[in-house]
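What follows is the residue order along each chain.
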Amino acid sequence: MALIAHAAVEYIDEHKEHILEDLSLLVSTYPCSSDLEKHSLNISQTAENVATLARRAGLENVQVLTLTDEEASGAPQHVSGQYVPPCVFGQYIHAGPDQPTVLFYAHLDVMPVGDLTRWLSDPLRTVIRNEPEKGGERMYGRGVADDKAGLVAILRAFEAVKQVSAGHVPINFKILFEGEEEIGSVHLPQYLAKHRDLLRADVLVLADTANLSVGVPSITYSLRGIVDLDVELKVGAQTVHSGMYGGPMLDAVAVLCHLLGTLHDEKGAIAVPGFLDGLRELSEKEVKNLRQIDTTRTEADFKKESGMLPCVNIAGHDHLSPCEKTWFMPAINVIGIDACPVAQSSNRILPVAKARISCRIAADQEPEKIAEKLQDHLRRRVRHGAEISFPMVDVIKPWACQPTGAAFEAAERALERGYGQKAVYVGCGGTIGFVEPFACAYGGIPALLVGVEDPYSNAHGENESLLLPDFWKATYSLVHLMFELEAHHMARKRATTTSR
């Protein structure tokens, strides 16, 4: 086992240039799922490119999975005739029925590039810069860390093992690369219903999370969920002259801004009644782990990593660390406002204004109940009799697990071998809609969440980057994980046989 794993790592080292070319190819196609009407061709082309890479790596039964309009109709907010992003599936299942079947997940879609003027280089053409203060060489481009790196690491780790072992991959290997993770995995239940047997696995490995810091391998065991809603205020039937009617008549934007200001108190803590209901109490082990992490990742580190201005205070209760706030507490953010752009403004009173509120909710909180509490708060606090409505409400459940058992022990050892440093267990403030429904669909199988992002990757923002030294270590770790999962499975099998 050790000799083959070592040979696979050497194979990766010998093919680094070609692996970086894979990343550059995938970054260039811009499969942005936030605007399906505009980018459907990009998403489909990316899926075909990924399928080609999967076949080249040696996977079999590679398919670009799709849904008909009828099959997709059960998804929330699905509109008849709309484009449904595909998934890419492949497998290599020659290890035999006595070996575990492991499904490796990543996603091929990306977020919008954002403000192009803030990018230091073309977001669709990868460039590499040496930045010692951020860990070394970093590759820049939209989606390079989230999640093209996870996808490529999976394929290249598999290819390396297959090549150096003459095809004797130690586990039954499957992939599922999704095309709409960034918009909440809207059609995942429909894909699971259609391909339940095809996707069946004993362990899920998801390569789409972040390390605690540069060079520190991390296993994520908790994800926040999402409650998104649009709130629309209406104060009049038409746009009117601000000189003729301003004063007695407030504009919808001013009323909306006041309403949004009621979401937090003066310290930035959430001020919506009942919004903290359902929070689970952390175990002693979790608290101890959190306190150890807090000694190495301070508020100053958080501000530096996030790019917060030095004069801006960290929001929320002072007794909670940034890690505890982002991993285990809910949050409310305003991520969009519809009104008149400043460049097009004139002396008019706008009758309608709309905002999108995005909430992250913690493990064990019920998203439907939180959505109701938020709507109740907004209805009570709206001023001046403005009409209020909620044109869109969308939710994704949070997820958490107890990170114990053979699969997690295997992941710990694999990451330590790949990085040369012990792995830590972390929460994640983000949301991955795939994990909870998939794990539940197959009886609560172990879900190992690992990734290649770091605090400087700036996923979803401008100048997204991938730290190349950690990317290689993550790829090595996936090689070791295949053998560690096999070893644990065989040890458990021998123990069961002995006990009989």
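Residues numbered from 1 in each chain as written. Predicted model: local features only at pLDDT ≥ 70, side-chain atom pairs only at ≥ 80, totals over all residues. Heavy atoms only, no water.

Draft legend 1. Quick look at the confidence of the model for the protein. Residues of the protein with pLDDT of at least 70 account for 97%, and the chain-wide mean is 94. Low pLDDT, under 50, characterises residues 495-500; the stretch is placed with zero contacts to residues that sit more than four places away or in other chains. (pLDDT = per-residue confidence, 0-100. Contact = heavy atoms within 4.5 Å.)

Draft legend 2. Expanded view of the pattern of salt bridges. Here the structure, examined in full by the defined rule, presents 21 salt bridges. As a salt-bridge pair, Lys 369 and Glu 366 come within 3.6 Å of each other at their nearest N and O atoms. Looking at Lys 369, the relative accessible area reads 47%, which means it is partly exposed. Here Glu 366 falls in the partly exposed class, since its relative accessible area comes to 43%. (Salt bridge = Lys/Arg side-chain N within 4 Å of Asp/Glu carboxyl O. Buried < 20%, exposed > 50% of the residue type's maximum accessible area, 1.4 Å probe, protein only.)

Draft legend 3. Broad picture of the pairing of strand β6 (residues 172-178). Extensive coverage of β6 is indicated by the burial of seven of its seven residues. Because side chains alternate across β6, one face comprises the buried residues Asn 172, Lys 174, Leu 176 and Glu 178, and the other comprises Phe 173, Ile 175 and Phe 177, equally buried. As judged from the seven bridges shared by strand β3 (residues 101-107) and β6, these two strands associate in the parallel manner. Residue pairing in the sheet places Tyr 105 in a bridge with Leu 176 of β6. (Helix = DSSP H or I, 4+ residues; strand = E, 2+ residues; numbered from the N terminus. Pairing = 2+ DSSP bridges.)

Draft legend 4. The arrangement of the sheet that holds strand β18 (residues 465-467) in detail. Pairing within the open sheet is antiparallel, and its three strands lie in the order β4-β5-β18. Each having just a single partner strand, β4 (127-131) and β18 make up the two edges of the open sheet. Averaged over all pairs of adjacent strands, the angle between their axes in this sheet comes to 30 degrees, without regard to strand direction. Taken together, the five bridges between β4 and strand β5 (residues 136-140) define a ladder with antiparallel strand orientation. Counted as the bridge partner of Val 127 is Tyr 140 from β5. (Axes fitted to C-alpha atoms, helices over the stretch in contact; angles between N-to-C directions.)

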